[in-house]
Amino acid sequence: MSLSFRHLTSTRQLSRADTDAILKHAYEMEGVVKNPKQDERLKGKVLAALFYEPSTRTRLSFETAMLRLGGSVITADGFQFSSLYKGETIEDTMMMVGQYADIIAMRHPEQGSADRAITVCPVPFINAGDGPGQHPTQALLDLLTIQKERGKIDGLHIAMVGDLRFGRTVHSLTYLLGLFNNLRFTLVSPKELKMPEKVTSFMKEKGMQFEETTDFAAALDCDVAYMTRIQQERFTDRSEYERLKLVYVLRADQLKGKNVTILHPLPRVGEIETDVDALPNAAYFRQAKNGLLMRMAVIDLMVGG
Ligand code: CP
């Protein structure tokens, strides 16, 4: 099974064949995780996990994925503990780390940092989030979760809710869903946090049917509601964040009689009440678990034999 790309920076580069191959391999990874015997297919390979912006799920699932496949991990955390703090460029960092590792996953606060990295990166590179840009492995694990929860992708009605402007996960997922057929989208956000024009232009070009609204109730009549947190770290005006941060809050009573699957890339910061967690609609912790399977699949396909 081979992919059409060497580096993964954006879901826009994924073909349908790539996506199907990655999904299939992610399902196969369930067997690896359940098998008590250590899988050693990536023995001798090293993943560099470079996280220059906070992360819990992405970083830990990348690291666990490599360890589950028998490989090893080296890490760098935060600007202040790396030579980026001393002024080293992303390009020099890639040239260096590529001498130590067989594959690099990087999170960086600057949109476009991943595109800079791959101009020189000597080993396969994965964008683990570049500011408000893209987060392609998140979109792939979201896709896996939708397929597992709803049994299909084609024909679904999907709502995206919250910070559609700065939320990189909704950008990546929308591009990825452009590979599928007959989907309908309801984009729910405050007017200040609407989906960027470049994403809605893509949707128009692809003939993807969508409506934009500020009405949260519309999301709960969909097949999937993809909730997002308001991205505090992207606001220059703190009072604007405070005004918008809890504009949409989901509670269990709103889901009575509803068949909608609730996704969230996490972390949540109040936009889903914890009383939702026990409902069958709540798929966000299963979604986080799928992140491990998906990152195992991606790493193995990019660096494996
Ligand atoms: N979903 C996600 O990217 O979570 P982290 O920021 O914890 O990695």
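Bear in mind the structure is a predicted one, so any value in this text is a computation, not a measurement. (Residues numbered from 1 in each chain as written. Predicted model: local features only at pLDDT ≥ 70, side-chain atom pairs only at ≥ 80, totals over all residues. Heavy atoms only, no water.)

**What to know about the site of the ligand**
Reasoning step 1: Taken together, Ser55, Thr56, Arg57, Thr58, Arg107, His135, Gln138, Pro265 and Leu266 make up all the residues around the ligand.
Reasoning step 2: Between Arg107 and the ligand, the recorded distance is 2.8 Å, taken from a side-chain N or O atom to an oxygen atom.
Reasoning step 3: Pro265 is positioned with one of its backbone polar atoms (N or O) 2.8 Å from a nitrogen atom of the ligand.
Reasoning step 4: For the ligand, whose free accessible area comes to 260 Å², the fraction covered by protein is 91%.
Reasoning step 5: Partitioning the shell around the ligand into residue classes produces two nonpolar, five polar and two charged.
Reasoning step 6: Lining the shell around the ligand are residues from two domains, each supplying at least three of them: domain 1 (38-134) and domain 2 (136-287). (Near = heavy atom within 4 Å. Polar contact = N/O pair within 3.5 Å; in protein donor to acceptor, adjacent residues only side chain to side chain. Areas by Shrake-Rupley, 256 points an atom, 1.4 Å probe, with all protein chains shown as cover. Nonpolar A, V, L, I, M, F, W, Y, C, P; charged D, E, K, R; others polar. Domains from an automatic or database assignment.)

**Thoughts on the domain arrangement of the chain**
Reasoning step 1: Taken domain by domain, the chain consists of domain 1 (38-134) and domain 2 (136-287).
Reasoning step 2: Between the C-alpha centres of domain 1 and domain 2 the distance comes to 27 Å.
Reasoning step 3: On the side of domain 2, twelve residues touch domain 1, which itself brings 14 residues to the contact.
Reasoning step 4: For the pair domain 1 and domain 2, the two sides together bury roughly 1,000 Å², of which 45% comes from carbon and sulfur.
Reasoning step 5: Among the residues of domain 1 in contact with domain 2, Arg57, Pro132 and Gln134 are the three that bury the most area, contributing 53% of the side total.
Reasoning step 6: Put simply, domain 1 and domain 2 have two salt bridges between them.
Reasoning step 7: Along the contact surface separating domain 1 from domain 2 lie six residue pairs in polar contact (both at pLDDT 80 or more).
Reasoning step 8: Among the elements of the structure, helix H2 (57-68) and strand E4 (125-130) are those that each provide at least two residues to the side of domain 1 that touches domain 2.
Reasoning step 9: Counting residues per element, the side of domain 1 that touches domain 2 draws most heavily on E4, at four residues.
Reasoning step 10: Residues of the side of domain 1 that touches domain 2, tallied by class, amount to four nonpolar, six polar and four charged. (Contact = heavy atoms within 4.5 Å. Buried area = accessible area lost by both parts, 1.4 Å probe. Salt bridge = Lys/Arg side-chain N within 4 Å of Asp/Glu carboxyl O. Helix = DSSP H or I, 4+ residues; strand = E, 2+ residues; numbered from the N terminus.)

**A short note on the sheet that holds strand E9 (residues 261-263)**
Picture the strands of a sheet paired through backbone hydrogen bonds; they go either parallel or antiparallel.
Reasoning step 1: The five strands lie next to each other as E7-E6-E5-E8-E9, forming an open sheet whose pairing is parallel. The outermost strands of the open sheet, each flanked by one partner alone, are strand E7 (209-213) and E9. Going from strand to strand, the sheet's axes swing by 20° on average, the running direction of each strand aside.
Reasoning step 2: In the packing of helix H6 (residues 168-177) onto the sheet, the strands contacted are strand E5 (157-161), strand E6 (184-188) and strand E8 (224-227), and the crossing angle to E5 comes to about 160°. (Pairing = 2+ DSSP bridges. Axes fitted to C-alpha atoms, helices over the stretch in contact; angles between N-to-C directions.)

**Comments concerning the pairing of E5**
Reasoning step 1: In terms of burial, E5 is largely enclosed, as five of its five residues are buried.
Reasoning step 2: Taking every second residue as pointing to the same face, both faces of E5 are buried, with His157, Ala159 and Val161 on one and Ile158 and Met160 on the other.
Reasoning step 3: Pairing analysis gives five bridges linking E5 to E6, with the strands arranged parallel. Across the sheet, the residue bridging to Ala159 is Thr186, located in E6.
Reasoning step 4: As for the winding sense of the linkage, the β-α-β connection from E5 through H6 to E6 is right-handed.
Reasoning step 5: As paired strands, E5 and E8 are joined by four bridges and run parallel to one another. Looking across to E8, one finds that Val161 is bridged to Met227. (Buried < 20%, exposed > 50% of the residue type's maximum accessible area, 1.4 Å probe, protein only. Right-handed = clockwise from strand over helix to strand, strands pointing away.)

**Section: the packing of H2 against helix H9 (residues 284-303)**
Reasoning step 1: For the pair H2 and H9, interaxial distance at closest approach is 8 Å and the crossing angle is 50°. Regarding the angle of H2 to H9, the classification is oblique. Every pair of crossing elements has a handedness; the one defined by H2 and H9 is right-handed. Of H9, the residues touching H2 (which contributes Arg57, Thr58, Ser61, Phe62, Thr64, Ala65, Met66 and Arg68) are Ala288, Gly291, Leu292, Arg295, Met296 and Ile299. (Parallel < 35°, antiparallel > 145°, perpendicular 65-115°, else oblique. Left-handed = near helix turned anticlockwise from the far one by under 90°.)

**Side note on the packing of helix H5 (residues 136-150) against H6**
Helix packing geometry: the angle between the two helix axes and the distance between the axes.
Reasoning step 1: Interaxial distance between H5 and H6 falls to 8 Å at its minimum, and their mutual angle equals 60°. Comparing their axes, H6 and H5 come out oblique. The way H5 lies across H6 gives a crossing that is right-handed. The residues of H6 that touch H5, namely those facing Pro136, Gln138, Ala139, Leu140, Asp142 and Leu143, are Thr169, Ser172, Leu173, Leu176 and Leu177.

**Considering unusual backbone geometry**
Reasoning step 1: With omega at 5°, the peptide bond leading from Leu266 into Pro267 counts as cis.
Reasoning step 2: Residue position: Leu266 is located in the loop between E9 and H9.
Reasoning step 3: Since its relative accessible area comes to 12%, Leu266 is described here as buried.

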